[in-house]
Amino acid sequence: MNNDLEKYPVNFISHMMEQDVASGKNGGAVVTRFPPEPNGFLHIGHAKAICLSFGLAKDFGGKTNLRFDDTNPLKESVEFVNAIKTDIAWLGFEWDEERYASDYFDQLYDLAETLIKNEKAYVDSLSGEDIRKYRGTLTEVGKNSPYRDRAVEESLSLFRRMRAGEFSDGELVLRLKIDMSSPNINMRDPTIYRIRHVAHHQTGDKWCIYPMYDYTHCLSDSLEGITHSLCDLSFEDHRPLYDWVLDELKMPSHPQQIEFSRLNLQYTLMSKRKLKELVDLSVVDGWDDPRLPTIAGLRRRGYTPRSIRDFCRRIGVSKSDNNVELAVLESCIRDDLEINAPRVMGIMNPLKIIIKNFPEGSAEMLDAPNHPKNEKMGYRQLAFTREVYIDRYDFREEANRKYKRLVMGDEVRLRYGYVIRAEEIIRDQKGEISEVYCTYDPSTLGKNPEGRKVRGVIHWVSATECLQAQIRLFEPLFNIEAPDSSEQDKLELLNSDSIKIFEGFVEKSLVTATMDQSFQFEREGYFCLDSKLSKPKRLVFNRVVSLRDTWAKIEQKQ
RNA sequence: UGGGGUGUCGCCAAGUUGGUAAGGCACAAGGUUUUGAUCCUUGCAUGCGCAGGUUCGAGUCCUGCCACCCCAGCCA
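Reading guide: rules and limits
- Along each chain, residue indices are assigned from 1 in the same order as the chain's sequence is written.
- Chain letters start at A and ligand numbers start at 1, both assigned in the order the entries are written.
- Restriction of local features to residues with pLDDT of at least 70 applies here, the model being predicted, together with a cutoff of 80 or more for giving and counting side-chain atom pairs; totals for whole chains, interfaces and linings are based on all residues.
- Note that water and hydrogens are dropped before the side-chain values are worked out from all heavy atoms of the structure.
- Every helix listed is a DSSP run of H or I at least four residues long, and every strand listed is a run of E at least two residues long, numbered separately from the N terminus.
- It is over C-alpha atoms that the radius of gyration is taken, and the globule rule equals 2.2 Å times the number of residues to the power 0.38.
- Here a residue-residue contact requires only that any non-hydrogen atoms of the pair lie within 4.5 Å.
- Using a 1.4 Å probe, the Shrake-Rupley method yields the accessible areas, and only the shown protein chains count as cover for residues.
- When charges are counted, Lys and Arg contribute as positive and Asp and Glu as negative, whereas His and the chain ends are disregarded.
- Charged side chains are reduced to one point each, which is NZ for Lys, CZ for Arg, CG for Asp and CD for Glu.
- It suffices for a single heavy atom of a residue to lie within 4 Å of a molecule or strand for the residue to be listed as near it.
- Throughout this description, a polar contact denotes any pair of N or O atoms lying within 3.5 Å of each other; where both atoms belong to protein, one of them has to be capable of donating a hydrogen while the other can accept it, and for residues adjacent in sequence the pair is counted only when both atoms sit in side chains.
- Following the grouping adopted for this structure description, the nonpolar residues are Ala, Val, Leu, Ile, Met, Phe, Trp, Tyr, Cys and Pro, the charged ones are Asp, Glu, Lys and Arg, and the polar ones are all others, Gly among them.
- Domain borders in the structure are assigned automatically or taken from a domain database.
- Accessible area, probed at 1.4 Å, shrinks when two parts are joined; the buried area is that loss added up over both.
- Strand pairing is assigned whenever DSSP detects at least two bridges linking the two strands.
- Think of each axis as a best-fit line through the C-alpha atoms, taken over the contacting stretch in the case of a helix, with angles from 0 to 180 degrees between the N-to-C directions.
- Throughout this description, buried means an accessible area under 20% of the type-specific maximum (1.4 Å probe, protein chains only), exposed means over 50%, and partly exposed covers the range between.
- Residue types Ala, Val, Leu, Ile, Met, Phe, Trp, Tyr and Cys, when buried and joined through side-chain atoms within 4.5 Å, form a set referred to as a nonpolar core.
- For salt bridges, the criterion is a side-chain nitrogen of Lys or Arg within 4 Å of an Asp or Glu carboxyl oxygen.
- Expected span of a helix, by definition, is 1.5 Å for each gap between consecutive residues, and there is one gap fewer than residues.
- Ring pairs shown here join Phe, Tyr and Trp side chains whose ring centres sit within 6.5 Å, with only the six-membered ring taken for Trp; geometry is labelled stacked below 30 degrees between planes, edge-to-face above 60, and tilted in between.
- To sit over a ring, a charge needs its Lys NZ or Arg CZ within 6 Å of the ring centre and within 35 degrees of the ring normal.

Chemist: How should I be thinking about the overall build of chain A in this particular structure?
Modeler: A count of helical and extended segments in chain A gives 13 helices and 27 strands. Taking 558 residues into account, the globule formula puts the C-alpha radius of gyration at 24 Å, and chain A, at 31 Å, lies well above it. Seen through its C-alpha atoms, chain A measures out along the principal axes to roughly 100 × 55 × 45 Å. Pairs at least 24 residues apart make up 71% of the contacts formed inside chain A by residues separated by at least 6 positions. Entry remark: accessible area of chain A is about 25700 Å², with carbon and sulfur atoms responsible for 47%. When the 79 positive and 89 negative side-chain charges of chain A are each reduced to one mean point, those points stand 3 Å apart.

What follows is the structure, given as structure tokens:
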């Protein structure tokens, strides 16, 4: 695992910052910001942006502000503001200042009047539909609005009356006066203020006109003294507009916008709008469903902040389209939990084993290390009893020598315990194996039997000294590699096996398990309690990720 | 048919002023192992979208193609 204390891996943005710092630009300072719109939960694509903005600023001795881009009260709420703050803090980042674009509404308004006075903005009376018609197309230039040359005084008066609430939604807008024939559509007199008679989660009902992104973002950056403003590639052709506004207003601070490509993760969606759809349609159990790539979902699934930070470093930053394999994310959490998760045993598909030569009603306590390589993690005790559970897949009536588990008539070791031999199969009415009678060799605790080789080691749980538990396994929510770029209805691409629920048993030591702990269920994978569903008397475990399984690969080949 | 971007191993991604292709994941083969886990060792682009050119020498410079992504919200 990459060391968190190391510098962020080099990339084209860090090179730019290095040059800027070296040349003394901005007085050698690096100030970044993370600007989420509080209209949904953060996902792992945001984590990439967060790690980048916070990480690079830290590496260059700078700071990072958290700024909510709250210019559209229709879609935003404090619930999302709070969820976002929780997620960023959980990821392990500390912002310098908490700001809101709405903090600047007064200044933004004044600046807009300046623009009008300088004949760089005008109030347009065209309807939304007409504005669209006048805009032209990608290949045809647009034409000027008939209101474009409205007198400054008239625009000013209209704008003030807009603010005063004299007009209804959609009646008027304020537009920048740039160039309707620009090949860049964003420069064709973009709208910067619209009327919306709705309360805002931060400013209440103080305003009924709200500034738009292109106008707000660059000015907020400038007002905060941001030096490097990172965003995704889709804003690349907005950069001329970003610069235009700052230049026309002669802002003393002119941040540099730098664009990088957003993360695409295979077999999942990364669009907030589509994630919101899955949540609203109850296709998933909320924004924190363990199958979602949201920060909250990953957290509930059992991913650690460290593993997500590691992931963001591993995938790097560039401007090229990417489609990162799930294997990278899985490798990150395995690396973390391999070192930090205590080992325990749990059974998902119980098969009862009855040890004939072990006395009924008694238990032998066995010491089991909590980690194979870390003595400091200590030991816990396991109750070895006459009846135990093993996993159904660890028993076969017959098998060749490659099968390193329990086979009829042959021996296998119970992890941390004794070697047992399968002697008799009991079947239920359907003919399915319900129990296997075995004998154990009392001389094999901590040492191998003489003259014989046991096939292997399997995990187990006492059938009488254990805890019942629900165990949930996950697969990708979608069954195609890039659901985001598919034309098909996303609901038709859902993987019907994305969640599998088992009723099983886990060792008794897990009574003390807490929500923030992760465990390795030996030979099965890494698990944690589900923060929403698990109760003290009703344990529910989520599998974060399986262990690497080369046996499954070998079997699949045959 | 306009504008803005991107094309280096299956997936990411490094590649100082041109000097002879990092690393990670994945994969493969061995070794250790009371987790078929971990760990260790080894292998894995005569090749950098394609075609020309400049040069002693080009992923890096020039020219011309090709492919893919983004943009026509009073969303961000």
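Chemist: Explain the protein's contact with RNA strand B to me, please; I cannot follow it from the model alone.
Modeler: Surveying the vicinity of RNA strand B reveals 65 residues, the closest of which are Arg-196, Arg-343, Arg-415, Arg-548 and Thr-550. Within 4 Å of the protein, the contacting atoms of RNA strand B are drawn from sugar and phosphate to the extent of 66%. Between RNA strand B and Glu-325, the relevant distance is 2.9 Å, taken from a base nitrogen to a side-chain nitrogen or oxygen of the residue. At the level of secondary structure, the elements contributing two or more residues to the surface near RNA strand B comprise helix 5 (128–134), strand 6 (191–195), helix 11 (305–315), helix 12 (326–340) and helix 13 (550–557). Here the residues of the surface near RNA strand B are counted per class, giving 20 nonpolar, 19 polar and 26 charged.

Chemist: Would you mind showing me how to read the domain arrangement of chain A here?
Modeler: By a widespread convention, an interface's size corresponds to the accessible area lost as its parts come together. For chain A, the assigned domains read domain 1 (12–98 + 218–327), domain 2 (105–213), domain 3 (352–459) and domain 4 (467–557). With centres defined by C-alpha atoms, the gap from domain 1 to domain 2 works out at 28 Å. At the junction of the two partners, domain 1 supplies 22 residues and domain 2 supplies 24 residues. Across the domain 1 to domain 2 interface the summed buried area is about 2100 Å²; carbon plus sulfur atoms make up 68%. Area buried by domain 1 at its contact with domain 2 is led by Thr-71, Pro-73 and Trp-244, which between them contribute 27% of it.

Chemist: Just checking my understanding: could you explain the sheet that holds strand 2 (residues 63–68) for this structure?
Modeler: Each strand in a sheet pairs with its neighbour through backbone hydrogen bonds, running either in the same direction (parallel) or in the opposite one (antiparallel). Strand order across the open sheet formed by three strands is 1-2-3, with parallel pairing between neighbours. With partners counted over all chains shown, the strands left at the sheet margins are strand 1 (31–34) and strand 3 (98–100), one partner each. Geometrically, the sheet is characterised by an average inter-axis angle of 35° between neighbouring strands, direction not taken into account. Bridge count for strand 1 against strand 2 is four bridges, and the pairing is parallel. Bridging across to strand 2, Val-31 finds its partner in Lys-63.

Chemist: So what exactly am I meant to see when it comes to the sheet that holds strand 12 (residues 350–355) here?
Modeler: With mixed pairing, the seven strands of this open sheet are ordered in space as 21-18-19-20-12-15-22. The sheet is open, and its two borders are formed by strand 21 (457–458) and strand 22 (461–462), each paired with just one other strand. In terms of strand pairing, strand 12 meets strand 15 (residues 387–391) through five bridges, oriented antiparallel. Looking across to strand 15, one finds that Lys-352 is bridged to Tyr-389.

Chemist: Hey, could you run me through the pairing of strand 5 (residues 173–176) in this one?
Modeler: Strand residues, when the strand is regular, have side chains that alternate between the two faces of the sheet. Side chains Val-173 and Arg-175 of strand 5 all project onto a buried face; the interleaved residues Leu-174 and Leu-176 project onto the opposite face, where all are buried too. As defined by bridge partners, strand 4 (residues 121–124) adjoins strand 5 across four bridges and the pair is classed as antiparallel. When the sheet's bridge partners are listed, Ala-121 is paired in strand 5 with Leu-176. By the bridge criterion, three bridges tie strand 5 to strand 6 in an arrangement that is antiparallel. Residue pairing in the sheet places Arg-175 in a bridge with Thr-191 of strand 6.

Chemist: Can you walk me through the nonpolar core in this structure?
Modeler: Taken as a class, soluble globular proteins show a tendency for nonpolar side chains to be buried jointly. Residues Ile-13, Ile-44, Ile-88 and Phe-311 are the most contacted members of the largest nonpolar core, which totals 46 residues. With nine residues, helix 2 (residues 44–59) is the single largest residue contributor to this core. Formed jointly, this core draws a minimum of three residues from each of two domains, domain 1 (12–98 + 218–327) and domain 4 (467–557). Sequence-distant contacts of Phe-311, defined by excluding residues within four places in its chain, comprise Ile-44, Leu-263, Leu-265, Val-324, Val-328, Leu-329 and Cys-332.

Chemist: Can you help me understand the pattern of salt bridges in this one?
Modeler: Close approach of charged atoms allows side chains with opposite charge to pair. All told, the structure shown has 49 salt bridges when counted by the stated rule. Each of Asp-285, Asp-288, Arg-300, Asp-530 and Lys-532 takes part in one network of salt bridges that share partners.

Chemist: Sorry if this is basic, but what is going on with helix 2 here?
Modeler: If you check helix 2, its first and last C-alpha atoms are 22 Å apart, about what 16 residues at 1.5 Å a residue would give, namely 22 Å. In terms of burial, helix 2 is a largely internal element, 14 of the 16 residues being buried. The positive-phi residue at the C-terminal boundary of helix 2 is Gly-61, with phi of around 70°.

Chemist: Would you explain the packing of aromatic side chains in this entry?
Modeler: The geometry of an aromatic ring pair comes down to the distance between the two centres and the angle between the two planes. All told, the structure shown has 22 aromatic pairs when counted by the stated rule. With a centroid separation of 5.2 Å and an interplanar angle of 85°, the aromatic rings of Phe-358 and Phe-384 are classed as edge-to-face. Here Phe-384 lies in strand 14 (residues 379–385) and Phe-358 lies in the loop between strand 12 and strand 13 (363–369), a separation of 26 residues in the sequence. With respect to burial, Phe-358 and Phe-384 carry one shared label: buried. Feature note: the residues Phe-105, Tyr-109, Phe-159, Tyr-193, Trp-207, Tyr-210 and Tyr-215 constitute an aromatic cluster, connected by ring pairs. Stacked on the ring of Phe-60, the Lys or Arg Lys-7 has its end atom at 5.2 Å from the ring centre. Arg-299 extends its terminal NZ or CZ atom over the ring of Trp-90, reaching a point 5.1 Å from the ring centre.

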